[in-house]
Structure formats: structure tokens, C-alpha cells
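# Observations on the three-dimensional arrangement
These are the residues of each chain, in order.
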Amino acid sequence: MAKAPISIQAIESSCCVNVPERKRYKLYSSWMWILTFLTYCSYHMARKPISVVKNVLDKNCSEEIPPPGTDTNSTHWCNWPPFNEDNASNLLGYIDSTFLFTYAAAMFISGMVAERVDLRIFLSTGMVLSGLFCAMFGLGYTFEIHSIWYYILAQFLCGFVSATGWPGVVTALSNWFGKSKRGLIFGLWNIHTSLGNILGTLIASAFVTYNWSLSFVVPGIIIASLGVVVLFFLIPEPAMVGLPNPNAPKEGVATPPLQRRSIPEYSTATQEEAAGLLDSEVEQVSYIDKEVEAVSRQREEEAKESAIGFFSALMIPGVIEFSLCLFFAKLVSYTFLYWLPNYIYDNTSFGASVSANLSTFFDVGGMIGGVLAGLLSDSTGMAASTCSVMLVIAIPMMLIYLEFSSINVGVNIFLLIVVGILVNGPYSLITTAVSADLGTHESLRGSSKALATVSSIIDGTGSIGAAVGPLLAGLLSGSNWNNVFYMLMLSDVFALLLLTRLTTREVRQRLRQRRRNTHSHL
């Protein structure tokens, strides 16, 4: 087991010696919730700028005043090369897909690597490199680079290192929280996705009209800086500070902190007993021996709990169904993420910056949807049914948004929030609470070594859908935006069908439970 960072060791030895275990656990678990929240918020913030900058790379040049000598026969004369040709939409679709397909492929590897290395180093390295490659895309404007391969390479590298985020944060947080109220805890925590999208949009839109390089450089600096914080303050496992893992078997006993020793209570001893204790030879306590014993116990535990293989994780009940469902659910969510500002820009009179800001209301709905899905899952114990209900309602709501979003700003905002709730609710629940539950499934007998692998399988499969969606949207939007929405609605239908078996099983179990309760009352 990796050691706690030096900064945490210093805090433990100086401030936490006399703090009760329960209070320490609450403090550390709260800190881990906050730090992992900020960590993945920054990952999403760093991948959002491209959806905002698209409106500048490929905009309507008919509204621009051409400089003298410009060939105005081309409708793309004002765009940034190489996006100044008729295939600009396709090129932007390829850039999106480069990031997303790379991210999806790397995700399957990332989970297995995360199970076998120090999560703190794993995450901090990924964050610093994500910041570097995010800024790399924007520096193409600064240095006037017009090769499409440069931008594809930047997105390829960014997608590869971004895959470090999800398995790392889900595993680290799941190690601190058990299954009790996990849906609510993770639902609130998963607000980081939408908040990161909103922050990324606002930061990018602040610079997009006059220097879109900063739309990438500023988020890059932020995520890299947070990576340094993670390096010094992340505690991936409670055992690092001598606290129990809530997912461990009941009979397991946590290793006590090395800085402490148990001091017997002698306050009730008589004077004679106290004198006898003082006169007796007491065996000296060796902190070196205690540390050796603790390390030995940790190694024994690690030997018993080896990391799970890819195919073993795939065979955990429910992993395949939820993975394939997430393929379609994430396809829908990421198509909105990458193309919603462009859709609003094309179908309203708003400029690039206003269209980007207006699209953030979809993410506001996503925040609400994640929490609502978590609450419903906790209260009913029916995760698949919760997802199914939201998917059923999402299908007609997307059609309603397509037909009525252009009426006025108020209607557009209201419909975006509702669609955001219904689209991101299932996506949020599957990637967080469901992944954590399956990663600590009873068939694993208390092992915590499957969390990163399971979450990477589920989110990796979903990320393939996230790559396919924007690619299809780029191809379909050139002819008619209606086709994009029909594709999204059909995807939700497939996601719903893939959960049919799990939903049916949950409903049957609930009906059997009700019948048993009725008979017991009689």
C-alpha cells in the first residue's frame, strides 16, 4: 500500500494525535469529497472550450465585413484556417471524435493501471498533462498554426491523459463512503460534471471573441495547478491514515495509526496497585517494531486482495447491461455537450458568446438530474428503474425542445433545464453510484480492488458512445438539425431497451417484498 503524502503525515503527527477516530474519519472523508469534486470538475472544465470555440472557427461570414481584396465567394472566408473550407463542420467533428475515441480506448487501460499504482501520483500526473495539452490546442492561435494535424494531435494527447480522471476519483471516493446513501452522496458529488462544463463555458466564452487561445490556456493552468494540490493532499485509502475502509468486510479491523499507542486507564487503581505498577518492569514500547508489524499486516492484506482482471470484472452481474446502456446515454449527453452552443447559434439570432452561455442551462438541469436520480435510487433501491423512467420522459422532451425552443429565451431556458435533468440523470447515476455498487459487489467478498476496473469498463463503454454522438452530429447537422435530434431520441430508446431485464427484475423483487410485508401484517 502506498504511503500518505508527506503533507498529510505532518498534519497527522502534529494536529490529529488526540482527535477521536470518528471525527477524523468525518474530516478526512469530507475533505476527500471536496478534493475529488474539484479534481473532476477541472477535468470537465478543460474539455469544454472546444465546444465554445467552434462558433469562431466555423461561423457565418455573411454578417462580417470583409477586408479589401477578400474573396467573398466563399462563405467561410472569415474562419480560421484550416476551418475555412466547406468541410469545416466535418473537420470539427473529426477533432471531437479524436479526443473522445482516444479517451474511450484509454479508459479501459486506465482502470487496470489505477488499480495497481498510487492513485495520488496517477491523478496528479494526468491533471498536469491534461493542462499542458489543453493549452497546446489554444497555442495554435498564438503561433498561427494552420495544420489540421496539429489540432488532431492536441486532442489525441488530451483525450489519452484525460482518461486518468474518472477511474481515479471514483475509486478514491468510493474507498471513503459505503453503500449507505451512496446514491445521494454521489448524486451531489456528480454535480462536478455540470459545474465543470459551466465553468469551462464561461471561461472560454470570456475570451472567445478576441483571443480564443486563452479559452484553452486558462483552463489548462487551472487543472494543472489543482494537480499539484492533489499530489500533496489526496488520501486515496482510509488505511493510509489508520482508518477503516467502509467497504471492507464487517469482521475486518483497521490498522491503528503509527503515531499512537493505546494507553491503559489507571485512574481507578488503588494506591497499592499503582505502586505495584510503578515498581513492576514494564516492557518498553518499540515504535519501530510496531511499524514493522503494521507494514507486515498491510502486505498480508494486499496479498489476499489482488487486483481483478478485465474479464472477471465484466462478469459481475449488471456490468454489461449498464455499460451498454451508458453507451447510448452518454452519446446523447455528449452530443449536447459538444454541439448545443452550435445548435443555438445556428437556430437563433444570438452571437457565439451568448449562445455558449445559454447552453449552460442544460448543465444546470444536469446538476438537478444527478441529485434527483440519486435520491430516487436511494429511496427505492431500484437504480435501473430510476434510469428507465427518466429515459422514457426524456424522449418526448427532446422533441418538444426541437419544436418550441426558438419561441423565446425563457422557453428555451426552461426546456433546456428539463432536458438536462432527464438526459444527465441516468448518465450521472450509472457512472457514479451504480459503478461504485458494482465495483464493491457482494460477489467480490469485500475486495476493493475492482472499483477502478469496473468504473473504467462502464465509463469506457459510455465514452465510445460519447465519441460516436458528436461525430454523427457533425455529419448530420450539415443537412438538417432535425436529424440530429431524431438520432438522439433513437439512442435513448436503445438505452431503455438495454435496461429492460434489470428493470423487470427490480420491479418483481419490489412486488414480492410488498406481498411478504402484506402477509406479515396479516
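As recorded in an unreviewed UniProt entry, the protein chain goes by Sugar phosphate exchanger 3 and comes from Petrolisthes cinctipes. Per its UniProt entry, the protein chain bears the Subcellular location (unreviewed entry) comment "Membrane". In its Sequence similarities (unreviewed entry) section, the UniProt entry covering the protein chain states "Belongs to the major facilitator superfamily. Organophosphate:Pi antiporter (OPA) (TC 2.A.1.4) family."

Let's shift gears to the side chain of K330. Positionally, K330 belongs in helix α14 (residues 319-347). Given a relative accessible area of 1%, K330 falls into the buried group. One polar contact links K330 to S463, side chain to side chain, over a distance of 3.1 Å. In this structure K330 touches Y103, Y427, D459, G462, S463 and A466, once residues within four positions along its chain are discounted.

This part takes up the environment of Q509. Looking at the element boundaries, Q509 is found in helix α20 (residues 500-521). Taking the C-alpha atoms as reference points, Q509 and M382, 127 residues apart in sequence, are found 9.7 Å from one another.

This part is about helix α4 (residues 88-114). In this model α4 runs 38 Å from its N-terminal to its C-terminal C-alpha over 27 residues, within 8% of the 39 Å that 1.5 Å per residue would give. Along α4, the helix axis deviates most sharply at M107, where the bend reaches about 35 degrees.

The subject of this paragraph is the nonpolar core. Within the largest apolar cluster, 136 residues are counted, with the highest numbers of intra-cluster contacts made by F83, W176, W212, F336, M398 and Y401. In terms of residue count, the dominant contributor to this core is α14 (17 residues). Not counting chain neighbours up to four residues away, the residues in contact with F336 comprise P341, F362, M398, V419, V423, F485 and L488.

The next subject is the packing of aromatic side chains. Taken as a whole and assessed by the stated rule, the structure comprises 29 aromatic pairs. Here the aromatic rings of F207 and Y210 are separated by 6.3 Å at their centres, their planes lie at 65 degrees, and the arrangement is edge-to-face. Members of the aromatic cluster, joined through ring pairs, are W80, F83, F137, Y141, Y150, Y151, W212 and F216. Its end group placed over the ring of Y103, R47 keeps NZ or CZ at 4.9 Å from the ring centre. Residue placement shows K54 over the ring face of W339; its charged tip is 3.8 Å from the ring centre.

What describes two packed helices is the angle between their axes and the distance between those same axes. Where helix α3 (residues 49-57) meets α14, the closest approach of the two axes is 7 Å, and the angle between their N-to-C directions is 30 degrees. Here α14 runs roughly parallel to α3, going by the angle between their axes. For the crossing formed where α3 meets α14, the hand is right-handed. Along the contact surface, α3 presents I50, S51, K54 and N55, while α14 presents L337, Y338, W339, P341, N342 and Y345. Looking at the contact of α3 with α14 residue by residue, the classes come out as six nonpolar, three polar and one charged.

A cluster of nonpolar side chains, I11, W31, I34, L38, V128, V228, V229, F232 and F233, forms an exposed patch at the surface whose accessible area comes to about 680 Å². Elements supplying a minimum of two residues to the nonpolar patch: α2 (21-47) and α10 (214-233). The biggest single contributor to the nonpolar patch is α10, with four residues. Following the sequence through the fold, L38 ends up in helix α2. Using a relative accessible area of 38% as the deciding quantity, one classes L38 as partly exposed.

Examined against the element boundaries, E506 turns out to sit in helix α20. Spatially, the C-alpha atom of E506 lies 7.1 Å from that of S385, the residues being 121 residues apart in sequence. Discounting residues that sit within four places of it in the chain, E506 has contacts with M382, A383, A384 and S385. Within the structure, E506 has its side chain in polar contact with the backbone nitrogen of A384 (distance 3.1 Å).

Throughout the structure, instances matching the rule amount to five salt bridges. Here D96 and K54 are joined by a salt bridge, their closest N and O atoms 2.5 Å apart. On the criterion of sequence distance, the pair formed by D96 in helix α4 and K54 in helix α3 is long-range, its members being 42 residues apart. Judged by relative accessible area, which is 0%, D96 ranks as buried. Judged by its relative accessible area of 0%, K54 is buried. Ionic pairing is found between R120 and D118, a salt bridge with its closest N-O pair at 3.6 Å.

On to the confidence of the model for the protein chain. In this model, the protein chain carries a mean pLDDT of 82, and residues with pLDDT of at least 70 account for 81%. Helix α12 (residues 287-304) is the least confidently modelled element of the protein chain, averaging 46 in pLDDT, while α10 averages 97, the highest of any element. Taken as a whole, residues 252-269 scores under 50 in pLDDT and shows 30 contacts with residues more than four places along the chain or in a different chain. The low-confidence segment residues 280-297 (pLDDT under 50) makes 13 contacts with residues lying over four places distant or belonging to another chain.

Attention shifts here to helix α16 (residues 383-404). When the terminal C-alpha atoms of α16 are compared, their 31 Å separation across 22 residues agrees well with the 32 Å that a helix rising 1.5 Å per residue should span. In the structure, α16 departs most strongly from a straight axis at A394, where the bend amounts to approximately 25 degrees and where the proline P396 lies between one and four residues downstream.

By the secondary structure assignment, L331 is in helix α14. Note: C-alpha distance between L331 and M487 (156 residues apart in sequence) is 9.8 Å. The contacts of L331, once residues within four sequence positions are left out, are L326, G465, A466, V468, G469, M487, L488 and S491.

Rules used throughout
- Residues numbered from 1 in each chain as written.
- Predicted model: local features only at pLDDT ≥ 70, side-chain atom pairs only at ≥ 80, totals over all residues.
- Heavy atoms only, no water.
- UniProt positions renumbered as here; feature names shortened; annotations may be inferred.
- Helix = DSSP H or I, 4+ residues; strand = E, 2+ residues; numbered from the N terminus.
- Buried < 20%, exposed > 50% of the residue type's maximum accessible area, 1.4 Å probe, protein only.
- Polar contact = N/O pair within 3.5 Å; in protein donor to acceptor, adjacent residues only side chain to side chain.
- Contact = heavy atoms within 4.5 Å.
- Expected span 1.5 Å × (residues − 1).
- Bend = angle between axes of the 7 residues up to and from the residue.
- Core = buried A, V, L, I, M, F, W, Y, C linked by side-chain atoms within 4.5 Å.
- Phe/Tyr/Trp six-rings, centres within 6.5 Å; stacked < 30°, edge-to-face > 60°.
- Lys NZ or Arg CZ within 6 Å of the ring centre and 35° of its normal.
- Axes fitted to C-alpha atoms, helices over the stretch in contact; angles between N-to-C directions.
- Parallel < 35°, antiparallel > 145°, perpendicular 65-115°, else oblique.
- Left-handed = near helix turned anticlockwise from the far one by under 90°.
- Nonpolar A, V, L, I, M, F, W, Y, C, P; charged D, E, K, R; others polar.
- Patch = residues over 30% accessible without salt bridge, like charges linked within 9 Å, V, L, I, M, F, W, Y side chains within 5 Å.
- Areas by Shrake-Rupley, 256 points an atom, 1.4 Å probe, with all protein chains shown as cover.
- Salt bridge = Lys/Arg side-chain N within 4 Å of Asp/Glu carboxyl O.
- pLDDT = per-residue confidence, 0-100.

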